[in-house]
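Inside the fold
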Amino acid sequence: MGQPLLQVRSLDVRYGAVQAVDGINFDVEQGEIVALLGANGAGKSSTLNALVGLVPTFSGEVIFEDNNITNIRPEMLPGLGMTLSPEGRRVFGTLSVAENLQMGAFGLRDPNEIAAAWDRVFDLFPILAERRNQFAGTLSGGQQQMLAVGRALMSNPKMLLLDEPSLGLAPKIIEQIFELIKTLNDQGVTILVVEQNVSMALDIAHRAYVLANGTVATSGAAEELAESSNLQNAYLGGA
Amino acid sequence: MDLFLQQTVNAFALGGTYALLALGLAVVFSIMGLINFAHGELMTIAGYTLMYCGLAGISFVFAVPLALLASMLAAVLMERIAFRPVRNSSGATMLVTSFAVAMILQVLFQNFISVRSQAVNIPDVISGSILIGGMVIGTNKLLAIVSTIVMLVLLDRFLSKQKYGIAMRAAAEDFAVARLMGIRANTVIAGAFAISGLLAGVAAILWVSQRASVDPLMGFTPVLKAFIAAILGGLGSLRGAVAGGFLLGFIEIYLAAFLPAELQEFRDPIGLGIVVLVLVMRPNGLLPAASLKAEKV
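All of the points below concern the structure found in this document.

About the cut-offs
- Along each chain, numbering runs from 1 in the same order as the chain's sequence is written.
- Here chains are named by letter from A upward and ligands by number from 1 upward, in the order in which they appear as written.
- Note on the predicted model: pLDDT of at least 70 is required for a residue's local features to be given, and 80 or more for side-chain atom pairs to be given and counted; whole-chain, interface and lining totals, by contrast, use all residues.
- As a rule here, side-chain values come from all non-hydrogen atoms in the structure, and water together with hydrogens is ignored.
- What makes a salt bridge here is a side-chain nitrogen of Lys or Arg within 4 Å of a carboxyl oxygen of Asp or Glu, nothing more.
- Buried, partly exposed and exposed residues are distinguished by accessible area as a fraction of the type maximum, computed with a 1.4 Å probe on protein chains only: under 20%, between the cut-offs, and over 50%, respectively.
- Here a strand is any run of E in DSSP of at least two residues, a helix any run of H or I of at least four, and the numbering for each starts at the N terminus.
- The contact criterion used throughout is that any non-hydrogen atoms of two residues lie within 4.5 Å.
- The buried area of a pairing is the accessible area, by a 1.4 Å probe, that goes missing from both parts when the two are put together, added over both.
- Whenever two N or O atoms come within 3.5 Å, that pair is a polar contact, provided that in protein one can donate a hydrogen and the other can accept it, and provided that, for residues adjacent in sequence, both atoms are side-chain atoms.
- Ten residues, namely Ala, Val, Leu, Ile, Met, Phe, Trp, Tyr, Cys and Pro, are considered nonpolar, four, namely Asp, Glu, Lys and Arg, are considered charged, and the remaining ones, Gly among them, are considered polar.
- The pairing test for Phe, Tyr and Trp rings, Trp by its six-membered ring, is centres within 6.5 Å, and the orientation test on the planes gives stacked under 30 degrees, edge-to-face over 60, and tilted for anything in between.
- Criterion for a charge above a ring: Arg CZ or Lys NZ at most 6 Å from the ring centre, at most 35 degrees from the ring normal.
- For two strands to be treated as a pair, DSSP must find at least two bridges joining them.
- Inter-axis angles, ranging from 0 to 180 degrees, are taken between N-to-C directions of lines fitted to C-alpha atoms, where helices are fitted over the stretch in contact.
- For this classification, under 35 degrees means roughly parallel, over 145 means roughly antiparallel, 65 to 115 means roughly perpendicular, and everything else is oblique.
- Crossings are assigned a handedness: left-handed for a near helix turned anticlockwise from the far helix by less than a right angle, right-handed for a clockwise turn.

**With respect to the pattern of salt bridges**
Residues and elements named next belong to chain B. With the rule as written, the count across this model stands at 12 salt bridges over all chains. Ionic pairing is found between Glu79 and Arg87, a salt bridge with its closest N-O pair at 3.1 Å. Each member of the pair, Glu79 together with Arg87, is buried. Note that Asp156 is salt-bridged to Arg239, the shortest N-O span being 3.7 Å. Here Asp156 is found in helix H6 (residues 139-161), whereas its partner Arg239 is found in helix H11 (residues 238-258), with 83 residues between them in sequence. Judged by its relative accessible area of 61%, Arg239 falls in the exposed class. It is possible to trace a salt-bridge network through shared partners that takes in Glu79, Arg84 and Arg87.

So, in structure tokens, the structure goes:
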């Protein structure tokens, strides 16, 4: 398998005196779906935000392919092949669906590559093609989540980070979104997903890391973690 | 009726100038949460450029683009030198920084140019007037209205059709996520300042062509008005800034023209009273910005 696509070494994130992430280590191999699980405040989102440079890394290292991306400026990431679909979707509500997607492809220069990205995203999400001229803010929650993922796919990333893709969505829509994550993975996109919906996440993930109080409490193959009955009680704030 | 039409033309001309200035403030505020009180000094710089071009014998036709270039360049430098180091600080820190920049520039103008007001040569064509449908209209008023319309149309085209324009709107709504798309923070912010400098430059040319003079504090009053206009329209909202600018222009001109003589000395309090009334009814302004919640990273 060679070296992992993403390597996180002793990552430490602090907000003033508050230690949000306390020296965690994890890897994501090429082609995997890896889930980061944990209760509220366990450090999941802080970890993702540190990976993409939205919050400063206090110490430790993040290696993506052969690049040390510790404390990278976020705008450099799409060019390296990594994008984040942020928590709460955060689509540009005052921009049209098409403009949102256009922004996702901001760094692409090659017209053929851009055209291929449009085709791919409209293929995955026909609804976005239908609503391309609508303001993103007028879409339903599920459609906004699709737009957020579609937007993150426009730069043809090798690796996609998903922060709570199921947040605030109806169960049926959540299933659709997770189905889609699997499809993307089958297309060769490596995925790191942060989730509170543990059972759904373990359902699609190959491996998972469970965070508690900013450290890795346990990790392993998704199937094994799914079977361990005390996972909920021990780390995820009860059932 | 003629008087009313005449004053309406005046209101459009003044309101347009306020709109351009308010728009310049709003473009920067929407992107980085900074209320740039040194915006007025960008006007002053454009004004002095016009003055020096006149002294050097450069024709007005060439002086205008030079003045616009000067205010744009000054705006970009201002960002690079003064605002970039405090970019991630609180709004208050940035606000105080902008006051400092304004005062430093004012003192530089006073010490190196002159404390007193300097004459600026304005071509006769502009200071003249023309007769339209029985109304005598100052050419400078028409110029102001036409320039405002041209600038608004150009800016609207840029923001709705150009990739970088759309990126600026995206950054205004959610700066952090825009960066995740690969939109460079430095580029967007420098672009916002360049646009605000251009708008300040156009406003300065219109302002100076009404008064034919420039002084170190020239930019203060119009930018204070533009700030009121921006709040009136909804701080950070571009359409709001334009609406607020025109509304403030109309309020000022109509009050000056139609308020009874014995009330004229209360003109400003009455005008600002109307502004307060509008804000009481619409606390977020006439056309509030879509998203003030977006965190600035």
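That covers the picture; the talk isn't over yet.
**Points about unusual backbone geometry**
All names here are of chain A. Backbone geometry places Arg89, a non-glycine residue, at a positive phi of 70°. Take Arg89: it is sitting in the loop between strand S6 (82-85) and helix H3 (97-104). Among the residues examined, Arg89 registers a relative accessible area of 15% and is labelled buried. Located in the positive-phi region is Glu164, a residue other than glycine, with phi close to 50°. As for its placement among the helices and strands, Glu164 is situated in the loop between strand S7 (159-163) and helix H7 (171-186).

**With respect to the interface of chain A and chain B**
Counting from both sides, the interface comprises 24 residues of chain A and, opposite them, 23 residues of chain B. Of the roughly 2300 Å² buried between chain A and chain B, counting both surfaces, carbon and sulfur atoms make up 60%. It is Glu75, Phe92 and Phe106 of chain A in chain A that bury the most area against chain B; as a group they hold 31% of the surface buried on that side. Put simply, Arg90 of chain A and Asp174 of chain B hold a salt bridge, and the shortest N to O gap is 2.8 Å. Joining chain A to chain B, the criterion identifies seven residue pairs in polar contact (both at pLDDT 80 or more). Ranked by residues supplied to the side of chain A that touches chain B, first place goes to H3 of chain A with four residues. Of the residues that constitute the side of chain A that touches chain B, the class distribution is 13 nonpolar, five polar and six charged.

**Examining the packing of aromatic side chains**
Enumeration according to the criterion identifies 13 aromatic pairs over all chains in this entry. With a centroid separation of 5.4 Å and an interplanar angle of 50°, the aromatic rings of Phe26 of chain A and Tyr209 of chain A are classed as tilted. Taken together, the positions of Phe26 of chain A in strand S2 (residues 18-28) and Tyr209 of chain A in strand S9 (residues 207-212) put the pair 183 residues apart, joining distant regions of the chain. Taking 5.7 Å as the distance between ring centres and 25° as the angle between the ring planes, the aromatic pair formed by Phe83 of chain B and Phe193 of chain B counts as stacked. In this pair, Phe83 of chain B is assigned in helix H3 (residues 60-83) and Phe193 of chain B in helix H9 (residues 185-211), connecting sequence segments 110 residues apart. Here Phe83 of chain B falls in the buried class, since its relative accessible area comes to 0%. Cluster of aromatic residues (ring-pair linked, three or more members): Phe4, Phe12, Phe246, Phe250, Tyr254 and Phe258 of chain B. Positioned over the ring face of Phe92 of chain A is Arg151 of chain A, at 4.8 Å from the centre of the ring. For Lys163 of chain B, the ring lying beneath its charged end belongs to Phe106 of chain A, and the centroid distance is 4.8 Å.

**A look at the sheet that holds strand S1 (residues 6-15) of chain A**
Residue and element names in this part refer to chain A. If you walk across this open sheet you meet the four strands as S2-S1-S4-S5, and the pairing is antiparallel. Sheet topology places S2 and strand S5 (67-68) at the edges, where each strand pairs with a single neighbour. Across two bridges, the pairing between strand S4 (residues 59-64) and S5 is antiparallel. Bridged to Ile63 within S5 is Asn68. Contacting S1, S2 and S4, helix H1 (residues 44-51) runs over the sheet at an angle of about 110° to S1.

**Quick notes on the packing of H3 of chain B against helix H4 (residues 91-112) of chain B**
All names here are of chain B. Interaxial distance between H3 and H4 falls to 11 Å at its minimum, and their mutual angle equals 120°. Of the possible angle classes, the one that applies to H3 and H4 is oblique. The handedness of the crossing between H3 and H4 is right-handed. Packed against H3, whose contacting residues are Met78, Ala82 and Phe83, the element H4 presents Met94, Thr97, Ser98, Val101 and Leu105 at the interface. For the contact of H3 with H4, a count of residues per class yields six nonpolar, two polar and no charged.

**Describing the sheet that holds strand S8 (residues 190-195) of chain A**
Residues and elements named next belong to chain A. Judged by pairing direction, the sheet is mixed, and its six strands sit side by side in the order S6-S7-S8-S3-S9-S10 without closing on themselves. Each edge of the open sheet is held by one strand with a lone partner, namely S6 and strand S10 (215-221). Sheet twist, expressed as the average angle between the axes of neighbouring strands with direction ignored, equals 15°. Judged from the five bridges that link them, strand S3 (residues 33-38) and S8 form a sheet pairing that is parallel. If you follow Ala35 over to S8, its bridge partner there is Val193. Of the strands in this sheet, S6 and S7 are in contact with helix H6 (residues 141-153), which crosses S6 at around 170°. Packed onto the sheet, H7 meets S3, S7 and S8 and runs at close to 155° relative to S8.

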